[in-house]
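# Secondary and tertiary structure notes
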Amino acid sequence: NPNAPQTEKERFCGRGELLERLKGLLEGGEHGSVIIHGGERIGMTSFLIQCQTLAGQKGGRTAYLDLATSSITDVDQLATRMATELTHGETLDSVNETAPPLEKLSGLLETSAEPVVLIIDNAELLGRLMQRDRARGERLVTMMRETVLKDSAAAFIFGTGALDSFREGAKTLF
């Protein structure tokens, strides 16, 4: 498939400067959030997958979620999937496994000894999830914002092809 994301390093080209600018986030030395915006078919998904690969090589916890290809239909499923991706399915002593999904994810982000990088592709679809359950959506966005504002080693990278839709859907995040 010529349109499949390029993940092989030798086939991934032209984004070295941008990866270098994000190096602090990817290596865990910085925290914050970044929006990567671009049109369709320019290689954004390939770039985001490369970000995950680089962040993982530095020993941090990483998660890549593509909201356009996942079966996530609500905020709790998103939080559960994020937590599962970050822990690679393992049980962590520092996380209350019986907690509701948002609290579980928050606990994981707060107690992680390693840097955490969450990458959400097609992030404009967050707005749809938030509209289905406004209260949980606002709690998710608040948790993300507070995580970034704390002096934690957590970073969020949002990839979107529809910047206005993303901003509208997650306006309380930024």
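In the block above lies the structure referred to throughout.
Let us look at the structure shown here. The structure displayed is predicted, hence computed values, not measured ones. Per-chain numbering applies: the sequence of each chain, read as written, is numbered from 1 onward. A pLDDT threshold of at least 70 governs which residues receive local features in this predicted model, and a stricter bar of 80 or more applies before side-chain atom pairs are shown or counted, although totals over entire chains, interfaces and linings include all residues. As a rule here, side-chain values come from all non-hydrogen atoms in the structure, and water together with hydrogens is ignored.

On to the overall build of the protein chain. Within the protein chain, the secondary structure is distributed over 8 helices and 4 strands. Secondary structure follows DSSP: runs of H or I at least 4 residues long count as helices, runs of E at least 2 residues long count as strands, and numbering of each begins at the N terminus. Secondary structure elements of the protein chain, listed N to C terminal, follow the sequence α-α-β-α-β-α-α-β-α-α-β-α. Taken across its 174 residues, the protein chain has 47% of its residues classed as buried. Residues count as neighbours in contact if any of their non-hydrogen atoms are within 4.5 Å of one another. Put simply, of all contacts in the protein chain between residues at least 6 apart along the chain, 72% involve residues at least 24 apart. As displayed, the protein chain offers around 9200 Å² of accessible surface, 46% of which is attributable to carbon and sulfur atoms. Burial status follows relative accessibility: with a 1.4 Å probe on protein chains alone, a residue under 20% of its type maximum counts as buried, one over 50% as exposed, and anything between as partly exposed. In these tables, accessible area is a Shrake-Rupley quantity obtained with a 1.4 Å probe, and a residue counts as shielded only by the protein chains included in the view.

Any carboxyl oxygen of Asp or Glu within 4 Å of a side-chain nitrogen of Lys or Arg constitutes a salt bridge here. Scanning the model with the defined rule gives 5 salt bridges in all. Taking the shortest distance from any N to any O, the salt bridge between Lys150 and Glu110 comes out at 3.3 Å. Placement of Lys150 in the loop between α7 (134-149) and β4 (154-160) and of Glu110 in helix α5 (residues 101-111) is noted, with a sequence separation of 40 residues between them. Exposure remark for Glu110: the relative accessible area of 52% places this residue in the exposed category. The shortest N-O distance in the salt bridge between Arg136 and Asp133 comes to 3.2 Å.

By the element assignment, Thr87 lies in helix α4 (residues 75-87). Side-chain polar atoms of Thr87 contact the backbone oxygen of Thr84, separated by 3.4 Å. Here a polar contact is recorded for every N or O atom pair within 3.5 Å, except that within protein the pair must consist of a potential hydrogen donor and a potential acceptor, and residues adjacent in sequence are included only if both atoms are side-chain atoms.

This part is about the sheet that holds strand β2 (residues 61-66). DSSP calls a pair of strands paired once it identifies at least 2 bridges connecting them. Overall, parallel pairing links the 4 strands, which are arranged β1-β4-β3-β2 in an open sheet. Looking at which strands have only one partner, the edges of the open sheet turn out to be β1 (32-37) and β2. Sheet twist, expressed as the mean angle between neighbouring strand axes with direction ignored, is 10°. The strands that helix α3 (residues 44-57) touches are β1, β2, β3 (116-121) and β4; relative to β2, the one it contacts most, it runs at about 165°. Orientation is described by lines fitted to C-alpha atoms, with helices fitted over the stretch in contact, and by angles between N-to-C directions that extend from 0 to 180 degrees.

Attention now moves to the packing of α4 against α7. Taken N-terminus to C-terminus, the directions of α4 and α7 make an angle of 35°; their axes are 9 Å apart at the nearest point. Residues Val75, Asp76, Leu78 and Met82 of α4 form the contact with α7, whose participating residues are Arg136, Gly137, Leu140 and Met144.

With that out of the way, let us pick up the packing of aromatic side chains. Any aromatic ring pair is given by two values, namely how distant the centres are and how the planes are angled relative to each other. Stacked, tilted and edge-to-face are the three classes applied to pairs of Phe, Tyr and Trp rings, where Trp contributes its six-membered ring and a pair requires centres within 6.5 Å; stacked means planes under 30 degrees apart, edge-to-face means over 60, and tilted covers the rest. Evaluated as defined, the whole model comprises 1 aromatic pair. With centroids separated by 6.2 Å and ring planes inclined at 10°, the aromatic side chains of Phe156 and Phe158 adopt a geometry described as stacked.

Purely geometric numbers; function is a separate question.
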